[in-house]
Amino acid sequence: EKMTKLAEDKPYLKDLMPNGRIGTPPAQPNIRGIVSDRPQANDKHKTWAQQVAPSQIQTESGGDQSAVSPKGNVGVMQLGEAAAKEAAAALGIAYDPERLKTDADYNQTLGMQYQTLMFKKYDDVNLGLAAYNWGPGKVDALIAKIGNPAKQEVTWEEFAEQLPEETSSYVQKI
């Protein structure tokens, strides 16, 4: 419902994905040329991020840019400061904490870039989602402890059993 309202308020968001959910909005004018509206053919990690973004937005915030988590993560993609700074640096754009809180397009752009970074780091959708939700340091520690499901050292089910319930549910939901 909120996503439909968002599409009505921002006509450029009518670029819908096949499942009828809002897709990636065009980049803001001040970041155009740095952030591509479409993934490069060889960038599977960015494609993965674009495919999961609508479900992430719904799960993270219900599409509410004013949402703030108990841990202080903000916006439609529920980004923390460190993740947002890392994503902005990777994009070569300025990190703006106020804009992160108030501009859904900026928040989504940084959130999708951070998710792309996690997918690139792990080269695995489940691990990338777990890292977005739980943090890459914690995912790295669990991999060191029990093995990497992306390298068939353990099954995903065995790995997921060791995740916090919130993270395991998050990955399954997305």
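Look above for the structure.
As a starting point, this report considers the structure included with it. Worth saying up front: this structure is predicted, and the values here are computed from it rather than measured. Here the residue numbering is sequential within each chain, running from 1 through the sequence in written order. With pLDDT at 70 or above as the cut-off, local features in this predicted model cover only qualifying residues; side-chain atom pairs require 80 or more to be listed or tallied, and sums for whole chains, interfaces and linings still use all residues. Side-chain numbers come from the whole structure's heavy atoms, not from hydrogens or water.

1. A few points about the packing of helix H5 (residues 104-122) against helix H7 (residues 136-146)
Here is step 1 of the chain: Under this scheme, a helix contributes an axis fitted over its contacting stretch, all axes are lines through C-alpha atoms, and angles between N-to-C directions fall in the 0 to 180 degree range. Secondary structure is summarised from DSSP: a helix means a run of H or I of at least four residues, a strand means a run of E of at least two, and numbering begins at the N terminus for each. The geometry of H5 relative to H7 is characterised by a closest axis approach of 12 Å and an angle of 15° between their N-to-C directions. Judged on the interaxial angle alone, H7 and H5 are roughly parallel. As H5 packs across H7, the resulting crossing turns out to be right-handed. Taking contact as the criterion, the partners of Tyr114, Met118, Lys121 and Tyr122 in H5 are, on H7, Pro136, Val139, Asp140 and Ile143.
Here is step 2 of the chain: Residues are grouped as follows: nonpolar covers Ala, Val, Leu, Ile, Met, Phe, Trp, Tyr, Cys and Pro; charged covers Asp, Glu, Lys and Arg; every other residue, Gly included, is treated as polar. The residue inventory of the contact of H5 with H7, partitioned by class, reads 6 nonpolar, no polar and 2 charged. The scheme is simple: roughly parallel for angles under 35 degrees, roughly antiparallel for over 145, roughly perpendicular for 65 to 115, oblique for anything else. Handedness of a crossing is defined here by the sense of rotation of the near helix relative to the far one, left-handed for an anticlockwise turn of less than a right angle and right-handed for a clockwise turn. Contacts are assigned to residue pairs that have any heavy atoms within 4.5 Å of one another.

2. Some remarks on the nonpolar core
Here is step 1 of the chain: What we call a nonpolar core is a set of buried Ala, Val, Leu, Ile, Met, Phe, Trp, Tyr and Cys residues that are connected through their side-chain atoms within 4.5 Å. The rule is simple: take the accessible area with a 1.4 Å probe, protein chains only, and divide by the maximum for that residue type; under 20% is buried, over 50% is exposed, in between is partly exposed. Leu79, Leu110, Val139 and Phe159 are the most contacted members of the largest nonpolar core, which has 38 residues in total.
Here is step 2 of the chain: At the level of elements, helix H2 (44-61), helix H3 (81-91), H5, helix H6 (125-134), H7, helix H8 (156-161) and helix H9 (165-173) are the ones that each hand at least two residues to this core.
Here is step 3 of the chain: Discounting chain neighbours no more than four positions away, the residues touching Leu79 are Gly72, Asn73, Val74, Ala84, Leu100, Asn107, Leu110, Gly111, Tyr114 and Tyr132.

3. Brief notes about the packing of aromatic side chains
Here is step 1 of the chain: Ring pairs are drawn from Phe, Tyr and Trp, using the six-membered ring of Trp, whenever the two centres fall within 6.5 Å, and their geometry is named by plane angle: stacked under 30 degrees, edge-to-face over 60, tilted for the rest. On inspection of all chains with the given rule, the structure shows 3 aromatic pairs.
Here is step 2 of the chain: Pairing Tyr114 with Tyr132 gives two aromatic rings, centres 5.7 Å apart and planes at 55°, and the pair type is tilted. With a gap of 18 residues between them, Tyr114 in helix H5 and Tyr132 in helix H6 connect regions that are remote in the sequence. When sorted by exposure, Tyr114 lands in the same class as Tyr132, which is buried.

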